[in-house]
2 protein chains.
Amino acid sequence: MKNAKSSRSAISPTREENYADWYLEVVKKAELAEHTQVRGCMVIKPWGYAIWENIRRVLDKKFTQTGHENAYFPLFIPLRYFEKEAKHVEGFAKECAVVTHHRLEQNGEGRLVPGGKLEEPLIVRPTSEMIIGETYAKWVKSYRDLPILINQWANVVRWEMRPRMFLRTAEFLWQEGHTAHETEKEAIAETLQMLNLYVDFCKNYLAMPTLYGRKPLEERFPGAVETYTLEAMMQDRRALQAGTSHFLGQNFAKSCGIQFQTRQSSGEGRSYAWTTSWGVTTRLIGAMIMTHSDDNGLVLPPKIAPKHVVILPIVRRSEEAKEMFTYAEKLQSALQQKQCFGQSISVQIDRRDIRGGEKMWSWVKKGIPLRLEVGPKECASKTVSLSRRIDPVSTKIILPREEVISKTPYMLAEMQALLLENAERFQEEHTQKVETLEELYAFFTPPNDAATCPTGGFALGYYDEQASTQVLQKELGVTVRCIPFDQEGSSGPCLLSGKQTNQRAVFAKAY
Amino acid sequence: MKNAKSSRSAISPTREENYADWYLEVVKKAELAEHTQVRGCMVIKPWGYAIWENIRRVLDKKFTQTGHENAYFPLFIPLRYFEKEAKHVEGFAKECAVVTHHRLEQNGEGRLVPGGKLEEPLIVRPTSEMIIGETYAKWVKSYRDLPILINQWANVVRWEMRPRMFLRTAEFLWQEGHTAHETEKEAIAETLQMLNLYVDFCKNYLAMPTLYGRKPLEERFPGAVETYTLEAMMQDRRALQAGTSHFLGQNFAKSCGIQFQTRQSSGEGRSYAWTTSWGVTTRLIGAMIMTHSDDNGLVLPPKIAPKHVVILPIVRRSEEAKEMFTYAEKLQSALQQKQCFGQSISVQIDRRDIRGGEKMWSWVKKGIPLRLEVGPKECASKTVSLSRRIDPVSTKIILPREEVISKTPYMLAEMQALLLENAERFQEEHTQKVETLEELYAFFTPPNDAATCPTGGFALGYYDEQASTQVLQKELGVTVRCIPFDQEGSSGPCLLSGKQTNQRAVFAKAY
C-alpha cells in the first residue's frame, strides 16, 4: 500500500473554507451541471443526468410495484384554475412563469417582439394539483373509478430569486404523484406509504439517512391538510428537505369538483374524493452531493453511480498502447459479467490521450467508486492497481487480476454500506436533545473564539404547534423542520411557549 | 372455432365513413389521450403514456449503443438567441409560447393578473438548436472535445393552429439529438446513421414500413443543409413524416460560435464544427394508430404494447369467483415466466366487476394483442379461450392451458410479423410510378361516381428540385414528401418542369 505524498485537495475552497462555494465547485468539477444565460435555469450534463436517470429508474419501479401508473399532463395551466384555490395560489402561483403571447413578430426596427396576445394568460406549471384535479373530476363518476393512482415525471418552473444548482432552480425535474381515493383512511395510508418509500430510497440507494414525520402547520404545502417530510442532514449540519408527501383531504377535490357516487346506492349518496400528492426532485442530487462528497470532489454511492468502475490504462510509450488497451478490455469484459445490486457492473475505459495524473484526478472529482490502473507493471504481473474513492486519493492496492474481478461486487457493496454508516454517524453526532430555549440558542451559536466554525445540527426539543417560530427564524435562522413519527412518549414544556406537550420537533437551519 | 354473429364495429364512424373522426374515436376509446381546456394541449393517459415509455426505452437503448449520452437543457430560450439565426426564426419562432412575466399579482378587483415583467421575453423551446449550440460553444475548444454526441428527452411547444391529438399538438414530447463533429464527413455519417436507426425502429418495432430519403429544398428544416426524412403511409393513403435527421453543416456552429482548434497545430488553425440534429416525437403514436388500427379500435404491435396479454375471468356466479381467479392467477404467473422479444411477457388480469361483454370490448378497443378468457368450462377442462386482436372479434380458439402457455411467445412474434406484412402490402398496393402530370392528377383524383372514396397514395415521379410544387399543392393538396435513396438509376422528364432528371420523388398528400 502506497500513501500520498502531498495533501492537496482537488476542490478549492474546501468545505471548511467556504461550504457554499465548495458545493458549486464540486458540481462544476464533476461535470454535473452548469449555469446558463437563462436566469435560474441550468444545463444538466451527461454525468449529472445519468444520476437522475438512475434515481428515476429505481423510484419508477417502486411506484409501479405499489400500483401506480405514469401519465402526462399539460405544461400550461390556465390562469383561472389558480383563482379556485386561494391558499394554493398564495403558496405557488406567486412566482411563476407567465405565458402571455403565442407569436414572435418583427417590429419596425426589425427586432423580434411578442405578438398574438392570449385571451387568458397561461402559467407554466409550478406543480400540477389544479390541472390534474380538473382532469380527475372528469374521470371520476362512481366509487368504482377510485382509486386513481398516477405519477408524472416532468419539468416544473418556480421563479426562484436565489437559484443554486440542483438545490433551487427556476426549472427543475421531478416526479409528482397524484392520487384520489374513496376514503380518508385510504388516502392517509397512501400518503404515508409514499413517504416511507422515499425514506427507504434515500437510505438504501442514496446512502442518506433522514428524519421523517409531519411538517408543522406553518410549513405545510399550500392547501394540504397534512404534509409529511423527510429531512436529511448535510455536512454543514443544515437540514435539507429531501421529499414531501401531502394528504390533501377533500380540499382539492372540492375546488376541482372530484365527486363520486358512493357505495350507498340509495339516495343521492355523492361524496368528494380524498386526494394526495407526493414528489421528489433533482434536488435529491444536491442532497446526495452534500451528504457524501469531500474536498476532492464528488463521492457517489455505488448503487446510484452512472458507472461503477473506471479503468485507466497507463501508456508511457506508444508501442505499449496496444497491450495496455487489450489488457484493459479483457478486464472490462470480465467485470461486466459480474452482478452487483441486481444489475451488471458498469465499467468504462478512459482512452483519452491526456496526462495520467489529470486523467486520474478527473475521475476522483467525478466520484466514480472504483479506479483501476493498468500499466506495464500490472500487465506483466497480471495485477491491477485498485483505488477506492472513499480512501485517500493516493491509496493504491495492487491485487491479482482475478481477485479484483471476483471481489469488485463485494467492494461496491461495502462502499455503499460504509457511506451510509458514515452519514448515519454524522447525523447522530450532530443531533441533540435540548430542553430549554437557552440550550437551543447555545446549540446553534458558535463559541466566541471561532465565529465561523460550523455549529448546530438537528436539535430535538419539545414543541407545541401553536407556538410561533418567527423570532427563532429571525435571530438564529432556525425553523422547525419536522415533528418525527418516532417519539419517546414522554412530555415536557414547549421550548417556545412553555406549554406542556408530548412531542419533540427537529429544529434546524435549512436549505 | 366460433364465429361472430353480428358485424357491428366498436368505433363509429368507421374508417370508410370518416377517417379523421374515426382516428379521434380510436384515441378516445383506447384511453390513450384526451383534450384539455388548454388549447392544443392533451393529457396522455396511462395506456398511451406506456406506449411512449416503450418507444423511449427501445430508442434510448439504441442511442446509447451508438455512443450517445442523455443530458437536459433549459425549457426557456432567451429571445435574442433567435435573432441570430434568421432562417431558423422564420421556421420556428413564429408560433411559440412567449413568457413575458414572472409573477401573478392581484389587481384592484382581486383578480389575478401577470406581474413582474421580464426585461427580455423567454421563448418556451420549440426545438433546442440555439440553446444547445450556445452551450456547445462553451464546451468545444479543441478537436479533442469532439465529437459531442448528446440526446435530450423533453417537452417542446409550437403553437399549432389546428391541433390533433398525437399528430399535431401545441405541447408534445420528443427526443432531440444534437451532435457536433470535427469533419463534414463524420457529421453526414451521423445524420444518416440516425435516419437508419429510425427506419429500423419503425419497421421492427412499430411494424411500420417507411420510404426514406432526402427532403426537397422547400421542405427542409430551417437552417439545415440537408434534411432526411422517413415517410409512412397511413390507411387513408396519406403520408406521415415519422422522423427527421438534419445535417446542419456549419450554419448553427457559425451563429452560435462553436469553433475549435484543429489538428494542425501550426498557425491559427481554427474551424467551425459540423453539427446535426434528429428527432422523433409522440407523433409516432399517431402514426402507429393509423397504420394498424381497425373499425374496432386500436391494434398494437406486440413489441410496443404496454401489456401483451389480458386474462378475462368469466364469473357468472359469485361462488365460482375464487376458482376462476385462482385459475387466472396461475395462468398469469406461468405466462410471465415466458420470454418474448427479449423481455418477460406482461400479463394483466381484469378483475373489474363489470359485464363480460363490456370488459372484453374494452380490451379490443385498447388493442391488446391477446385475450384469454377463463370461465367455468375452461376451468373444468384445463383449457383457455384465446382470441388474437388481429382476428375478427368473436373468433375464439379453445386450447389446452399448457399449449397456450408454450405457444404465446410464438403467437406474439407471429402477430408482430403479420402486422408488418399487412402494412407493407398496403403501402405497396398504393405506391405507383407516374410518368406524366396527367397520371399524377389521375392518381389523386377519385372517379366521378365516387367523390369521397380514398385515392392516391405514394406516387413516384421524376422530379427536378428547382421545380415549384405550389400549383400541385393548391390544386391537389399534394407535396413532395421525399426523394428516396433507393433510385433505379434511369432518368426521365420532371413531372412539373419537364427538365431531364435521374431522380424520382414521392408525391403524396400528407399529415
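As a reminder, the structure under discussion sits directly above these lines.
Described in the following lines is the structure provided in the data block. Please read these numbers as outputs of a predicted model, since none were measured by experiment. (Residues numbered from 1 in each chain as written. Chains lettered and ligands numbered in written order. Predicted model: local features only at pLDDT ≥ 70, side-chain atom pairs only at ≥ 80, totals over all residues. Heavy atoms only, no water.)

Describing the environment of G213 of chain A
Residue and element names in this part refer to chain A.
Working step 1: Tracing the chain through its elements places G213 in strand β9 (residues 211–214).
Working step 2: The class for G213 is buried, based on a relative accessible area of 0%.
Working step 3: Sequence separation between G213 and K141 is 72 residues; the distance between their C-alpha atoms is 34 Å.
Working step 4: Aside from chain neighbours lying at most four places away, what touches G213 is T227, Y228, T229, C482, I483, P484 and F485. (Helix = DSSP H or I, 4+ residues; strand = E, 2+ residues; numbered from the N terminus. Buried < 20%, exposed > 50% of the residue type's maximum accessible area, 1.4 Å probe, protein only. Contact = heavy atoms within 4.5 Å.)

Things to note about the packing of aromatic side chains
Working step 1: The final tally for this structure, using the stated rule, is 34 aromatic pairs over all chains.
Working step 2: Between Y19 of chain B and W22 of chain B, the aromatic rings sit 5.0 Å apart at their centres with planes inclined by 40°, giving tilted as the arrangement. With a gap of three residues between them, Y19 of chain B and W22 of chain B both fall in helix α1 (residues 19–29), about one helical turn apart.
Working step 3: Look at Y19 of chain B and you get buried, because its relative accessible area is 12%.
Working step 4: Among the residues examined, W22 of chain B registers a relative accessible area of 0% and is labelled buried.
Working step 5: Look at Y228 of chain B and F485 of chain B: their rings are 5.6 Å apart centre to centre, the planes differ by 50°, and that puts the pair in the tilted class. Within this pair, whereas Y228 of chain B is found in strand β10 (residues 226–233), its partner F485 of chain B is found in the loop between β24 (479–484) and β25 (492–493), the two being separated by 257 residues in sequence.
Working step 6: A residue is classified by how much of its surface remains accessible, and Y228 of chain B, at 8% relative accessible area, is buried.
Working step 7: Grouping aromatic residues by their ring pairs yields a cluster made of W52, F63, W153 and W278 of chain A.
Working step 8: One Lys or Arg, R238 of chain A, reaches over the ring of Y511 of chain A and ends 5.9 Å from the middle of that ring. (Phe/Tyr/Trp six-rings, centres within 6.5 Å; stacked < 30°, edge-to-face > 60°. Lys NZ or Arg CZ within 6 Å of the ring centre and 35° of its normal.)

Details of the relation of the copies chain B and chain A
Working step 1: Rotating chain B by 180° and moving it 0.0 Å along the rotation axis overlays it on chain A with an RMSD of 0.0 Å. Taken together, the rotation and translation describe the operation of a two-fold axis. Every residue of chain B has its C-alpha some distance from the rotation axis, and the shortest such distance is that of V99 of chain B, at 2.1 Å.
Working step 2: The overlap is high: 100% of the interface residues of chain B also sit at the interface in chain A, so the same surface is used on both sides. (Least-squares fit on C-alpha atoms with pLDDT ≥ 70 in both.)

Looking at the packing of helix α2 (residues 46–65) of chain B against helix α6 (residues 184–204) of chain B
A packed helix pair is summarised by two numbers, namely the angle formed by the two axes and the spacing between the axes.
Residue and element names in this part refer to chain B.
Working step 1: The N-to-C vectors of α2 and α6 enclose an angle of 145°; their axes lie 11 Å apart at closest approach. Classified by chirality, the crossing of α6 by α2 is right-handed. Mapping the contact onto sequence places I55, V58, L59, K62 and F63 in α2 and M194, L197, Y198, D200 and F201 in α6.
Working step 2: Its residues assigned to classes, the contact of α2 with α6 shows eight nonpolar, no polar and two charged. (Axes fitted to C-alpha atoms, helices over the stretch in contact; angles between N-to-C directions. Left-handed = near helix turned anticlockwise from the far one by under 90°. Nonpolar A, V, L, I, M, F, W, Y, C, P; charged D, E, K, R; others polar.)

Points about the interface of chain B and chain A
Interface extent is often summarised as the accessible area lost during association of the parts.
Working step 1: The partner chain A presents 64 residues to the 64 residues of chain B that form the contact.
Working step 2: Carbon and sulfur atoms supply 61% of the area buried between chain B and chain A, which totals about 5400 Å² over both sides.
Working step 3: When residues of chain B are sorted by the area they lose upon contact with chain A, Y72, L104 and L112 of chain B head the list and together hold 12% of the total.
Working step 4: For E83 of chain A, the salt bridge goes to R111 of chain B, with nearest N and O atoms at 3.2 Å.
Working step 5: Of the pairings in the sheet, the one linking strand β5 (residues 98–106) of chain A to strand β5 (residues 98–106) of chain B comprises three bridges and is antiparallel in character. By the bridge assignment for β5 of chain B, V98 of chain A is matched with H101 of chain B. (Buried area = accessible area lost by both parts, 1.4 Å probe. Salt bridge = Lys/Arg side-chain N within 4 Å of Asp/Glu carboxyl O. Pairing = 2+ DSSP bridges.)

Details of the pairing of strand β11 (residues 239–247) of chain B
Residues and elements named next belong to chain B.
Working step 1: Buried residues dominate β11, accounting for eight of its nine residues.
Working step 2: Here eight bridges tie β10 to β11, and the two strands are oriented antiparallel to one another. Considered in β11, the bridge of M233 is made with A239.
Working step 3: What sits between the antiparallel neighbours β10 and β11 is a turn of five residues, in which R237 has the positive phi angle 70°.

Some remarks on the sheet that holds strand β19 (residues 370–374) of chain A
All names here are of chain A.
Working step 1: The mixed open sheet is built from five strands, whose spatial order is β18-β15-β19-β20-β21. The open sheet is flanked by β18 (347–349) and β21 (397–400), the only strands paired with a single partner. The average angle at which neighbouring strand axes cross in this sheet is 30°, direction not considered.
Working step 2: Pairing geometry for β19 and strand β20 (residues 383–388), over four bridges, is antiparallel. The residue bridging E373 from the neighbouring strand is S385, located in β20.
Working step 3: Relative to β18, helix α9 (residues 321–336) is tilted by about 170°, and along the sheet it contacts β15 (309–313), β18, β19 and β20.
Working step 4: Across the sheet, helix α10 (residues 356–366) lies against β15, β18 and β19, angled at about 170° from β15, the strand it touches most.

Things to note about the pattern of salt bridges
Working step 1: Taken as a whole, this structure holds 68 salt bridges over all chains when the rule is applied.
Working step 2: Ionic pairing is found between R388 of chain A and E414 of chain A, a salt bridge with its closest N-O pair at 3.4 Å. Here R388 of chain A is found in strand β20, whereas its partner E414 of chain A is found in helix α12 (residues 401–429), with 26 residues between them in sequence.
Working step 3: Salt-bridge contacts for D350 of chain B lead to R352 of chain B; the nearest nitrogen and oxygen are separated by 2.7 Å.
Working step 4: Given the relative accessible area of 3%, D350 of chain B is considered buried.
Working step 5: Among the charged side chains, a network of salt bridges with common partners joins R214, R220, E226 and E465 of chain A.

So, the nonpolar core
Working step 1: F76, V124 and Y136 of chain A together with F76, V124 and Y136 of chain B are the most contacted members of the largest nonpolar core, which totals 88 residues.
Working step 2: Excluding its chain neighbours within four sequence positions, the residues that come into contact with F76 of chain B are V38, C41, A97, V124, V157 and W159 of chain A together with V99, L122, I123, V124 and I131 of chain B. (Core = buried A, V, L, I, M, F, W, Y, C linked by side-chain atoms within 4.5 Å.)

Let's talk about the sheet that holds strand β20 (residues 383–388) of chain B
All names here are of chain B.
Working step 1: Taken in spatial order, the five strands line up as β18-β15-β19-β20-β21 in an open sheet, and their pairing is mixed. Because the sheet does not close on itself, it has two edges, and the strands there are β18 (347–349) and β21 (397–400). Taking the axes of each pair of neighbouring strands and ignoring which way they run, one obtains an average angle of 30° across the sheet.
Working step 2: Each of β15 (309–313), β18, β19 (370–374) and β20 is contacted by helix α9 (residues 321–336), which is oriented at about 170° to β18, the strand it contacts most.
Working step 3: Against the sheet, helix α12 (residues 401–429) contacts β15, β19, β20 and β21, and its axis sits at roughly 5° relative to β20.

Considering α12 of chain A
Working step 1: An ideal rise of 1.5 Å per residue puts 42 Å on 29 residues; α12 of chain A measures up with 40 Å between its terminal C-alpha atoms.
Working step 2: K407 of chain A marks where α12 of chain A bends most, by close to 50°; the proline P409 of chain A follows one to four residues later. (Expected span 1.5 Å × (residues − 1). Bend = angle between axes of the 7 residues up to and from the residue.)

Everything listed here is a matter of geometry and, on its own, says nothing about what the molecule does.
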